[in-house]
Amino acid sequence: MSQGLFITGAGTEVGKTLIACALAHHLRTAKRPVKVLKPIISGFDPDLAETSDTALLLRAAGVKVTKAAIAEASPWRYAEPISPNMAAARTGTPIDMDAVMNHCRAALSDDALTLIEGVGGVMAPLTDEATVLDWMAALGLPAVVVGGSYLGAMSHTLTAVSVLIERAVPIRAVVVSESRDQPVPLAETASTIAGFMPHLPVIAVPRIAPIERPWEAIDGLGELLED
Ligand SMILES: Nc1ncnc2c1ncn2[C@@H]1O[C@H](COP(=O)(O)OP(=O)(O)OP(=O)(O)O)[C@@H](O)[C@H]1O
Ligand SMILES: [Mg+2]
């Protein structure tokens, strides 16, 4: 097994955090050590830290949600809910990609599987030169690509997969997380996507009812955690 997985998305708000939480939960249940990182987060409100992506990931991984734990998992936190390059520019300090890489590499070890959630979609700008894709290519971890089932999601997902292949980023699986509104049944979207990538696992995750820890209601992701 690789030391980590990078959870990226065909876009923002598609289910990256939910799927990363489900993976963390699965590992915990299997008594396998897991670490979580969401190195760059925008739209972070310290007063609502408990509901941030970072807090959800920590909770799913069984880590107590403290200010220190949030700072460690998400060193680059921005208030503005906009792309990281713009959010960072508004603070006057652009994101230092070398520092992001060092932080991620330092979190990788043979002792645990590190789940890294990206930010936004696969080509969300992080600086004026680099996107999430450059970050992923440099890190070289296998990717889990999360997409939705809304109208237009297939093109977004296939585009994301295509650029990852072009940049030689290994893809562990594509996860289609059911959107609130979808024009056709989830299975139809998932099987159409799968038809374009016969060598990749495509896993459909149905809509989970709003509950406290929705990731605990997701199964079927185990195959993604095996080599
Ligand atoms: N299969 C699903 N069932 C129920 N809710 C879902 C599902 N997939 C996504 N959601 C919900 O949609 C919202 C967005 O999902 P999530 O926060 O995981 O997306 P994201 O890709 O991590 O977003 P961001 O780009 O902000 O990090 C959340 O409220 C999440 O619980
Ligand atoms: Mg998220």
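Owing to the predicted nature of the structure, the values given are computational and were not obtained by experimental measurement.

Here is what the cut-offs are and how they apply
Residues numbered from 1 in each chain as written. Chains lettered and ligands numbered in written order. Predicted model: local features only at pLDDT ≥ 70, side-chain atom pairs only at ≥ 80, totals over all residues. Buried ≥ 20, exposed ≤ 12 C-beta atoms within 10 Å, placed from the backbone. Helix = DSSP H or I, 4+ residues; strand = E, 2+ residues; numbered from the N terminus. Arc of directions from axis to C-beta. Contact = placed C-beta atoms within 7 Å. Near = placed C-beta within 6 Å. Nonpolar A, V, L, I, M, F, W, Y, C, P; charged D, E, K, R; others polar. Axes fitted to C-alpha atoms, helices over the stretch in contact; angles between N-to-C directions. Parallel < 35°, antiparallel > 145°, perpendicular 65-115°, else oblique. Left-handed = near helix turned anticlockwise from the far one by under 90°. Core = buried A, V, L, I, M, F, W, Y, C linked by C-beta atoms within 7 Å. Pairing = 2+ DSSP bridges.

Digging into helix α8 (residues 186-196)
An α-helical turn contains 3.6 residues, so a residue and the one three or four places further along point in the same direction.
Next up, step 1: Of all the positions in α8, only Thr189, Ala190 and Ile193 are classed as buried. For α8, the angular spread of buried residues about the axis comes to 95°, placing them on one side. Those residues of α8 that are exposed and aimed more than 90 degrees away from the buried face are Ala187 and Gly195.
Next up, step 2: Tucked into the core, α8 has its buried residues touching α7 (153-166), β7 (171-177) and β8 (202-205).

Brief notes about the site of ligand 1
Next up, step 1: Neighbouring ligand 1 are 16 residues, the closest being Thr12, Gly15, Lys16, Thr17 and Leu18.
Next up, step 2: When residues in the shell around ligand 1 are grouped by element, the largest group, three residues, is from helix α1 (residues 16-29).
Next up, step 3: When its residues are assigned to classes, the shell around ligand 1 shows five nonpolar, six polar and five charged.

What to know about the packing of helix α5 (residues 97-107) against helix α6 (residues 132-139)
Next up, step 1: Contact geometry for α5 and α6: axes closest at 11 Å, N-to-C directions at 45°. Viewed along their axes, α5 and α6 adopt a mutual orientation that is oblique. Pair α5 / α6 crosses with right-handed handedness. Side by side, α5 and α6 meet where Met97, Val100, Met101 and Cys104 of the first sit next to Trp135, Ala138 and Leu139 of the second.
Next up, step 2: Grouping the constituent residues of the contact of α5 with α6 by class yields seven nonpolar, no polar and no charged.

Quick word on the environment of Cys104
Next up, step 1: Along the chain, the position of Cys104 falls in helix α5.
Next up, step 2: According to the C-beta neighbour criterion, Cys104 is partly exposed, with 19 such atoms within 10 Å.
Next up, step 3: Taking the C-alpha atoms as reference points, Cys104 and Gln3, separated by 101 residues in sequence, lie 11 Å from one another.
Next up, step 4: Once residues lying within four places of it in the same chain are set aside, the contact partners of Cys104 are Leu37, Pro39, Ile116 and Leu139.

Points about the environment of Lys35
Next up, step 1: Among the structural elements, Lys35 can be located in strand β2 (residues 34-37).
Next up, step 2: On the basis of neighbour counts, which here come to 23 C-beta atoms within 10 Å, the residue Lys35 falls in the buried class.
Next up, step 3: Sequence separation between Lys35 and Gly120 is 85 residues; the distance between their C-alpha atoms is 20 Å.
Next up, step 4: Setting aside anything within four residues of it in sequence, one finds Lys35 in contact with Ala61, Ala107, Ala112 and Thr114.

With respect to the nonpolar core
For soluble globular proteins, nonpolar side chains are generally found buried alongside one another.
Next up, step 1: Judged by nonpolar contacts, the single largest core of 66 residues is most densely connected at Ile19, Ala24, Val36, Leu57 and Leu115.
Next up, step 2: With eight residues, α1 is the single largest residue contributor to this core.
Next up, step 3: Setting aside chain neighbours within four positions, we find Ile19 in contact with Ile7, Val144, Val146, Val175, Ser177 and Val205.

Quick word on the sheet that holds strand β5 (residues 113-117)
Next up, step 1: A sheet is described by the order of its strands in space; here six strands give the open sequence β2-β5-β1-β6-β7-β8, paired in parallel fashion. Two strands lie at the open edges of the sheet, namely β2 and β8, each paired on one side alone. The average angle at which neighbouring strand axes cross in this sheet is 20°, direction not considered.
Next up, step 2: In this structure, strand β1 (residues 4-9) lies alongside β5, joined through four bridges in parallel fashion. Directly across from Gly4, in β5, lies its bridge partner Thr114.
Next up, step 3: Strands in contact with α7 are β6 (143-147) and β7; relative to β6, the strand with the most contacts, it is inclined by about 165°.

What to know about the packing of α1 against helix α2 (residues 53-60)
Next up, step 1: α2 packs onto α1 with a crossing angle of 20° between their chain directions and a minimal axis gap of 8 Å. As the angle between them shows, α1 and α2 are arranged roughly parallel. For the element pair α1 and α2, the recorded crossing hand is right-handed. Residues Thr17, Ala20, Cys21, Ala24 and His25 of α1 pack against Asp53, Leu56, Leu57 and Ala60 of α2.
Next up, step 2: In terms of residue class, the contact of α1 with α2 is built from six nonpolar, two polar and one charged.

Purely geometric numbers; function is a separate question.
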